[in-house]
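# Observations on chain architecture
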Amino acid sequence: MEDCIFCKIITGEIPSTTVYEDEVVKAFLDITQVTPGHTLVIPKKHVPDLFAYDEELASQVFARIPKIARAIKAANPEVVGLNLVNNNGQAAYQSVFHSHFHLIPRFGAEDGFAMKFTDNSANYTPTDLALIAKSIETKVEK
């Protein structure tokens, strides 16, 4: 994709600070550095989001994420956790439409990164949950 910033990073048209690269993925430091070591992992094949992955690409990309995460942790003894974040679609805050995964090292509750999960459990009965689960289950590709 000629207008894709991540495709341009892959080809070297735009510089990046690479931490890992092979024939399938490129991992580089996010310029925002939400926390020190904040890394993006992108497939070299242009896919707009997670919905566009096939099983082979998913297997290849996801197989590399743990070793990159371990390297981030090993590089800084102050890392006590890591968030793996993937935003799919504009409503989910995706801003670059080349699939990517954020590996955000965590240094404690006050390190500048936060996520909020609203508890809506009071709004759903077991029957409601069963209906939602069934509607998803019937759409899983066999």
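Before going into details, it helps to say that this report is about the structure given with it. Residue numbers run consecutively from 1 along every chain, following the written order of its sequence. Given that this is a predicted model, residues contribute local features only at a pLDDT of at least 70 and side-chain atom pairs are listed and counted only at 80 or more, while totals for whole chains, interfaces and linings are drawn from all residues. Where side-chain values are given, they derive from all heavy atoms of the structure, hydrogens and water being excluded.

When we look at a pair of aromatic rings, we describe it by the centre distance and by the angle of the planes. Here is the rule: rings of Phe, Tyr and Trp (six-membered ring for Trp) pair when centre to centre is within 6.5 Å. Planes less than 30 degrees apart are stacked, more than 60 are edge-to-face, and the remainder are tilted. According to the stated counting rule, one finds 4 aromatic pairs in the structure shown. With a centroid separation of 5.7 Å and 75 degrees between ring planes, the pair formed by Phe-6 and Phe-28 is classed as edge-to-face. Taken together, the residues span a long stretch of sequence, with Phe-6 in helix H1 (residues 5–11) and Phe-28 in strand E2 (residues 25–29) at a distance of 22 residues. Exposure classes here rest on a 1.4 Å probe applied to the protein chains alone. A residue is buried below 20% of its type maximum, exposed above 50%, and partly exposed in between. Judged by its relative accessible area of 4%, Phe-28 is buried. Think of it this way: any DSSP run of H or I at least four residues long counts as a helix, any run of E at least two long counts as a strand, and we number them from the N terminus.

What follows deals with unusual backbone geometry. A positive phi angle is found at Gln-33, which is not glycine, with a value near 45 degrees. Looking at the element boundaries, Gln-33 is found in the loop between E2 and strand E3 (39–43). One non-glycine residue, Tyr-93, lies in the positive phi region at around 75 degrees.

This part is about the side chain of Asp-30. Of note, Asp-30 is situated in the loop between E2 and E3. The charged side chain of Asp-30 is buried without a salt bridge, its nearest counter-charge being Arg-106 at 14 Å. Whether two residues are in contact is decided by their heavy atoms: any pair within 4.5 Å suffices. In this view, Asp-30 contacts His-38, Thr-39, Leu-40 and His-102; residues no more than four positions away in its chain are not counted. His is not counted here, nor are the chain ends, while Lys and Arg score as positive and Asp and Glu score as negative. Just to be clear on terms, a salt bridge is a Lys or Arg side-chain nitrogen sitting within 4 Å of an Asp or Glu carboxyl oxygen.

Turning our attention to the pattern of salt bridges. All chains considered together, the criterion is met by 6 salt bridges. Here Glu-23 makes a salt bridge to Arg-64, at a shortest N to O gap of 3.3 Å. Here the residue Glu-23 occupies a position in the loop between strand E1 (18–21) and E2, and Arg-64 occupies one in helix H2 (residues 55–75), the gap between them amounting to 41 residues. Take Arg-64: its relative accessible area is 14%, and that puts it in the buried class. What emerges from the salt-bridge pattern is a single network uniting Glu-21, Lys-26 and Lys-44.

A pair of strands is considered paired only if DSSP assigns at least 2 bridges between the two. Pairing is antiparallel across the open sheet formed by 5 strands, whose spatial order is E1-E2-E3-E5-E4. Of all strands in the sheet, those with a lone pairing partner are E1 and strand E4 (81–85), marking the two edges. Neighbouring strand axes in the sheet, compared pairwise and without regard to direction, differ in orientation by 20 degrees on average. Where E4 meets strand E5 (residues 101–106), 5 bridges bridge the pair, whose relative direction is antiparallel. Residue pairing across strands places Leu-82 opposite Pro-105, the latter belonging to E5. The axes used here are C-alpha line fits, helices contributing only the stretch in contact, and every angle between their N-to-C directions lies in the interval 0 to 180 degrees.

Below, the discussion takes up the pairing of E2. It is a general feature of regular strands that their side chains alternate between the two faces of the sheet. The buried fraction of E2 is high, at 4 of 5 residues. Of the pairings in the sheet, the one linking E1 to E2 comprises 3 bridges and is antiparallel in character. Within the sheet, the bridge partner assigned to Glu-21 lies in E2 and is Lys-26. Count of turn residues in the E1/E2 antiparallel hairpin: 3 residues. Sheet topology note: the E2/E3 ladder contains 5 bridges and is antiparallel. Note that in E3 the partner of Lys-26 across the bridge is Ile-42.

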